[in-house]
Amino acid sequence: MALYTLKRVGALTPLLVVISFLTFVLNGLSPMDPAEVVLHAQGVPTITDELIAATRAELGMDRPLLIRYGDWLLASLQLDFGDSFITGKPVWSLLGPALLNTMKLTLVSSLFIVVLSIALGVVCALKEGKWLDLSVRGVSFLLTSMPAYWLAALMVWYFAVKLDLLPTSGMDTAGSYVLPVAVIVIGYAGIYFRVIRSSMLSNLNEDYVLYGRACGMSERKLTLYVLRNSLQVAVSVFGLAIPIILGSTVVVENIFAWPGLGTLTVNSILGRDFPVIQAYVLVLAVAFVLFNTVSDVMNAAMNPRLRKEL
Amino acid sequence: MKLLEKLMKDRLAAASLAVVAATLLIGLCAPLVAPHPPNEANMELRFAGASWTYWLGNDHLGRCILSRLIYGIRPSVLWVLAALGAAACFGAALGFIAGYFRGRIDAVLMRICDVMLSFPGYVMTLAIVGMLGAGLTNILLAFVVMKWAWFARVIRTTVMQYADADYVKFAKVLGIGHLGIMKRHIALAALPEISVIASSSFGSMILQISGLSFLGLGIEAPHAEWGMMMNEARSVMFTRPELMLAPGLAIIVVVSAVNFLSDALQKVLDPKLAVSGKRASVRIGGMLRGLRKKEAA
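Definitions and limits used
- Residues numbered from 1 in each chain as written.
- Chains lettered and ligands numbered in written order.
- Predicted model: local features only at pLDDT ≥ 70, side-chain atom pairs only at ≥ 80, totals over all residues.
- Heavy atoms only, no water.
- UniProt positions renumbered as here; feature names shortened; annotations may be inferred.
- Contact = heavy atoms within 4.5 Å.
- Buried area = accessible area lost by both parts, 1.4 Å probe.
- Salt bridge = Lys/Arg side-chain N within 4 Å of Asp/Glu carboxyl O.
- Polar contact = N/O pair within 3.5 Å; in protein donor to acceptor, adjacent residues only side chain to side chain.
- Helix = DSSP H or I, 4+ residues; strand = E, 2+ residues; numbered from the N terminus.
- Axes fitted to C-alpha atoms, helices over the stretch in contact; angles between N-to-C directions.
- Parallel < 35°, antiparallel > 145°, perpendicular 65-115°, else oblique.
- Left-handed = near helix turned anticlockwise from the far one by under 90°.
- Nonpolar A, V, L, I, M, F, W, Y, C, P; charged D, E, K, R; others polar.
- Disulfide = S-S within 2.5 Å.
- Expected span 1.5 Å × (residues − 1).
- Buried < 20%, exposed > 50% of the residue type's maximum accessible area, 1.4 Å probe, protein only.

Chain B carries the name Nickel/cobalt ABC transporter permease in an unreviewed UniProt entry, which gives Paenibacillus mendelii as its organism. We quote the UniProt Sequence similarities (unreviewed entry) comment for chain B here in full: "Belongs to the binding-protein-dependent transport system permease family." In its Subcellular location (unreviewed entry) section, UniProt records this for chain B: "Cell membrane".

An unreviewed UniProt entry lists chain A under the name Nickel/cobalt ABC transporter permease, with Paenibacillus mendelii given as the organism. Under the UniProt heading Subcellular location (unreviewed entry), the note attached to chain A is "Cell membrane". Note on chain A: under the UniProt heading Sequence similarities (unreviewed entry), the record states "Belongs to the binding-protein-dependent transport system permease family."

Chain B puts 49 residues into the contact, and the matching count from chain A is 57 residues. Summing the contributions of chain B and of chain A, the shared interface buries around 4800 Å²; its carbon and sulfur component is 76%. Here chain B and chain A share one salt bridge between them. Between aspartate 263 of chain B and arginine 194 of chain A there is a salt bridge, with the nearest N and O atoms lying 3.8 Å from each other. Counting across the interface, chain B meets chain A through three residue pairs in polar contact (both at pLDDT 80 or more). Sorting the residues of the side of chain B that touches chain A by element identifies helix 5 (103–118), helix 6 (121–132), helix 9 (178–214), helix 10 (226–234), helix 11 (245–269) and helix 13 (280–296) of chain B as the ones contributing at least two each.

The subject of this paragraph is the packing of helix 2 (residues 11–28) of chain B against helix 11 of chain B. All names here are of chain B. Where helix 2 meets helix 11, the axes come as close as 8 Å, and the angle between the chain directions of the two elements is 130°. Accordingly, the angle class assigned to the pair helix 2 and helix 11 is oblique. Here the hand of the crossing between helix 2 and helix 11 comes out left-handed. Contacts between helix 2 and helix 11 involve Leu12, Ala13, Ser16, Leu17, Val19, Val20 and Thr23 from the first element and Val253, Val254, Ala257, Val258, Phe260, Leu261 and Ala264 from the second. The residue makeup of the contact of helix 2 with helix 11, split by class, is twelve nonpolar, two polar and no charged.

All right, on to the UniProt feature "transmembrane region" (unreviewed entry) in chain A then. Per the UniProt entry, the sites bearing "transmembrane region" (unreviewed entry) are residues 12–30, 105–126, 138–159, 174–193, 231–257 and 277–298 of chain A in this numbering. Along residues 231–257 of chain A the backbone is 85% helical and 0% strand, and the end-to-end C-alpha distance reaches 35 Å.

Further remarks concern the state of the cysteines. Counted by the stated rule, this structure contains zero disulfides over all chains. Note on cysteine 64 of chain B: no disulfide assigned, nearest cysteine sulfur contributed by cysteine 29 of chain B at a separation of 17 Å.

We now examine the UniProt feature "domain: ABC transmembrane type-1" (unreviewed entry) in chain A. Here the UniProt-annotated "domain: ABC transmembrane type-1" (unreviewed entry) positions come out as residues 99–295 of chain A. Regarding residues 99–295 of chain A, the helix share stands at 83% and the strand share at 0%, and the terminal C-alpha atoms are separated by 21 Å.

What follows is about helix 4 (residues 65–77) of chain A. Between its first and last C-alpha, helix 4 of chain A extends 18 Å over 13 residues, near the 18 Å set by a 1.5 Å rise per residue. In the stretch just after helix 4 of chain A, leucine 79 of chain A is the one whose phi turns positive, near 65°.

Residue and element names in this part refer to chain B. The positions that UniProt labels "transmembrane region" (unreviewed entry) are, in the present scheme, residues 12–34, 77–101, 122–150 and 243–262. Between the end C-alpha atoms of residues 12–34 there is a gap of 28 Å, over a span that is 91% helix and 0% strand. Along residues 243–262 one finds 90% helix and 0% strand; the C-alpha atoms at either end are 30 Å apart.

This paragraph deals with the environment of glycine 82 of chain A. Residue and element names in this part refer to chain A. By the element assignment, glycine 82 lies in the loop between helix 4 and helix 5 (91–126). For glycine 82, a relative accessible area of 25% translates into the label partly exposed. For the pair glycine 82 and tryptophan 150, spaced 68 residues apart in sequence, the C-alpha separation works out to 36 Å. Leave out the neighbours within four places in its chain, and glycine 82 touches Lys89, Pro90 and Val91.

Rendered as structure tokens:
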């Protein structure tokens, strides 16, 4: 087990280096010269060639790529992502609080998603083919085909405007969590409950269940065994789910004016604030890889068969 | 064609196929089908309700909503399909090469895939759109960049199964070239796999592109696109909520048809996946596919 963990973590380092390099190179993709963007953003009236050259030197862009990458990586490791082109503030002072807000939203939503999809998945697997199973699956299918922002708009219109029950934007009170969390949960629970359900079903078809039944084991006890084995799959699935949800709250945050990563990123994209975008990509990609590794290791801890795969 | 026959036996699948085909056809023939030019503003008709000349009413500039809906098929569905096709071709080609020749080229390609797949899809799209600027072309480009690795990975696994088959070995002995073998013996066998992955990501891509347009990162203003139409309707959401309905329902209908079709296709092509199999690898493979699907939305 220790060996497996070590191997997984060892494989992480080169991957992280490549990811960070790609994120760094991403900046070069832009058709616009960053120096020009900075000058525009600062409202400099006439942009001369000397001014651009001076700004380029100030941004350190006249040095070789690899050296710039090294400096950038070292600074990034200390959470210093440079200054925003638009506000001039350090990127982390914008990104940090936004990340925290998005984390709050993600964790609350994930909690509900886990509980709801395990509950629905187990119930539907036990009632396979009955009307409850069919109707839950039908509804979830429809809900996953629905654009999140459409659902969000409908809910805002109904609960916040018509019934005047809940706040429509911001994150001032506990009530402001209700609508965004509901939209995220509805979007994802439908997917993850299907995973739990199929995992339960395939476990129910295993020989040990048949044997248990033949030995006269009570159905309740059997269900508990099956549930325990099915939850193994759930751990890895939810380990993957959290960073995915973290990255995809963009639309929901924008609708509910949640002061999180999604709102910050879309505004940065529209304002061409490259350092912020770069930091966002790096932070989320690293989070994604770390979560993947953690869930793999947890899975291997629970299921020794998986350790051999590496 | 046997495939089509099998699909037709499933009524839901047949209906979904009809919906998807009709949508594509209407989108292709948009100028012939649409009752009005999509960008024709008519200020007297602002927010007009449904009428015989304007079946679905008019929007905030008095433009015909039905016509905009019809023209919106092009960026929302047709271009997404094109991007998907490009990603599938590119990914499948690299997957073929990796799975068929193995060795060093395989190792290099798969490491690249690992890196590509370690970026969450949405983040990758936002990164590319963020750097290249908002716009439909850049989103489509981002789709191709994001999806090809996924195709390459799956196709490689499939090709590896067939590359060792006796008939392929026999073909090699007969002196048929690599290209000929790939074309005649392997491509056909891998086709079902390609169509299953392609159809399963189609729905999520439609949702994603409309979502980006909704945020103002997609297609530019006068053009009709479903997400864009909802973005425009959003400012009058409280007074005219019905403007959100038409594009929203259009997306739901098309995306659920695509998803149904994809599930039916999977059942027809790979019956093992439909019944709960005992092999863990099959299970996890199916699951990850589901996860990828949702990653976008």
